[in-house]
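Listed below are the residues making up each chain.
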Amino acid sequence: MSAAASGEEALLASTPAPSHFAPLVLVVDDDDDARAVARGMLHVIGYRTRAASNGDEAMGALHAERPAAILLDLHMPGLDGFGFLDQAAQRVPEFERIPVFVASGVYRDASQVQRALLRRRVWAFLQKPFSISALREGMRDFLDLVPPHPGNRDRERPPADLGPAPPGVVVMLSSPGLPAKTIAEVNRLA
């Protein structure tokens, strides 16, 4: 186990839940461990979380409380990530205003699903397993737009010893950080 990995585990174990005023991120993943780790990482950064283990539960969670963002696994039994994105776009008013970040261990290369994700306006693709640094990198435009609650200022920067995200772990897709010309060209090709 690397020093960065053990540092992340210690942070996750010792981090209290964020302020109830912190923005909410919906974490959708059928793997209990992956969901728990992602939620812990988001708590470290300073966001509240709600969990769903599949697309159907996520649809219910969207109606219970509108999240500021969604961290979504693609490959799940029942309603998978693609099906969830399609249904939510049709059934949830203003769903297109909720930033969606996809995390997948099945699709090891974003190019396998890039067009499908761009059509669904996904902001970024994170390859599993990912670190806190990779999660922060993937969500960087969201972090700028919807920062943690001021009561969580101590969480705004990850500890320096975690280091940068490894190359290839995060692929930015359609977030506001990309030039409009690039997004238009990819959408034209899709």
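This one's a predicted model, so the numbers in the text were calculated from it and none came from an experiment.

**Here's the deal with helix H3 (residues 55-64)**
Phase 1 of the analysis: The complete set of buried residues in H3 reads Gly55, Ala58, Met59, Ala61 and Leu62. With its buried residues spanning 165 degrees around the axis, H3 presents them on a single face. Opposite the buried face of H3, at more than 90 degrees from it, the exposed residues are His63 and Ala64.
Phase 2 of the analysis: Looking at the buried positions of H3, the neighbouring elements they touch are strand S1 (24-28), strand S2 (48-52), strand S3 (69-73) and helix H4 (81-91).
Phase 3 of the analysis: Structurally, the start of H3 carries an N-cap: the backbone nitrogen of Asp56 is 3.0 Å from a side-chain oxygen of Asn54.

**Some thoughts on the packing of aromatic side chains**
Phase 1 of the analysis: Counted according to the given criterion, the structure contains four aromatic pairs.
Phase 2 of the analysis: Taking 5.5 Å as the distance between ring centres and 40 degrees as the angle between the ring planes, the aromatic pair formed by Tyr47 and Phe142 counts as tilted. Highlighted residues: Tyr47 in the loop between helix H2 (32-45) and S2 and Phe142 in helix H7 (residues 140-145), separated in sequence by 95 residues. The two residues Tyr47 and Phe142 agree in class, both being buried.
Phase 3 of the analysis: When the ring of Phe101 is compared with that of Trp123, the centres are 5.7 Å apart and the planes differ by 75 degrees; the resulting orientation is edge-to-face.

**Things to note about the pairing of S2**
Phase 1 of the analysis: Strand direction decides the pairing type here: S1 and S2, joined by five bridges, are parallel. Among the inter-strand pairings, Val27 is bridged to a residue of S2, identified as Ala51.
Phase 2 of the analysis: Read from S1 through H2 to S2, the crossover connection turns out right-handed.

**With respect to the pattern of salt bridges**
Phase 1 of the analysis: Under the defined criterion, the tally for this structure stands at eight salt bridges.
Phase 2 of the analysis: Residue Lys128 pairs with Asp29 through a salt bridge whose shortest N-O separation is 2.4 Å. Of the two residues, Lys128 is situated in the loop between strand S5 (124-127) and helix H6 (132-138) and Asp29 in the loop between S1 and H2; the sequence distance between them amounts to 99 residues. For the pair Lys128 and Asp29, one class covers both residues: buried.
Phase 3 of the analysis: For the salt bridge of Glu65 with Arg48, the shortest nitrogen-to-oxygen distance reads 2.9 Å. Of this pair, Glu65 sits in the loop between H3 and S3 while Arg48 is found in strand S2, placing the two residues 17 residues apart along the sequence.
Phase 4 of the analysis: Several salt bridges share partner residues, and in doing so they unite Asp29, Asp73 and Lys128 into one network.

**A word on the nonpolar core**
Phase 1 of the analysis: Counting residues in each nonpolar core, the largest one holds 26 residues, and the members touching the most others are Leu62, Ile70, Phe84 and Phe95.
Phase 2 of the analysis: Looking at this core, the elements with two or more residues in it are S1, H3, S3, H4, strand S4 (100-104) and helix H5 (114-119).
Phase 3 of the analysis: With near-sequence residues (within four places) excluded, Phe84 lies in contact with Gly55, Ala58, Met59, Leu62, Ile70, Leu72, Leu79 and Phe95.
Phase 4 of the analysis: The next biggest cluster of nonpolar side chains, apart from the first, holds 22 residues, and it includes Ala38, Tyr47, Trp123 and Ala134.

Rules of the game
- Residues numbered from 1 in each chain as written.
- Predicted model: local features only at pLDDT ≥ 70, side-chain atom pairs only at ≥ 80, totals over all residues.
- Heavy atoms only, no water.
- Buried < 20%, exposed > 50% of the residue type's maximum accessible area, 1.4 Å probe, protein only.
- Helix = DSSP H or I, 4+ residues; strand = E, 2+ residues; numbered from the N terminus.
- Arc of directions from axis to C-beta.
- Contact = heavy atoms within 4.5 Å.
- Polar contact = N/O pair within 3.5 Å; in protein donor to acceptor, adjacent residues only side chain to side chain.
- Phe/Tyr/Trp six-rings, centres within 6.5 Å; stacked < 30°, edge-to-face > 60°.
- Pairing = 2+ DSSP bridges.
- Right-handed = clockwise from strand over helix to strand, strands pointing away.
- Salt bridge = Lys/Arg side-chain N within 4 Å of Asp/Glu carboxyl O.
- Core = buried A, V, L, I, M, F, W, Y, C linked by side-chain atoms within 4.5 Å.

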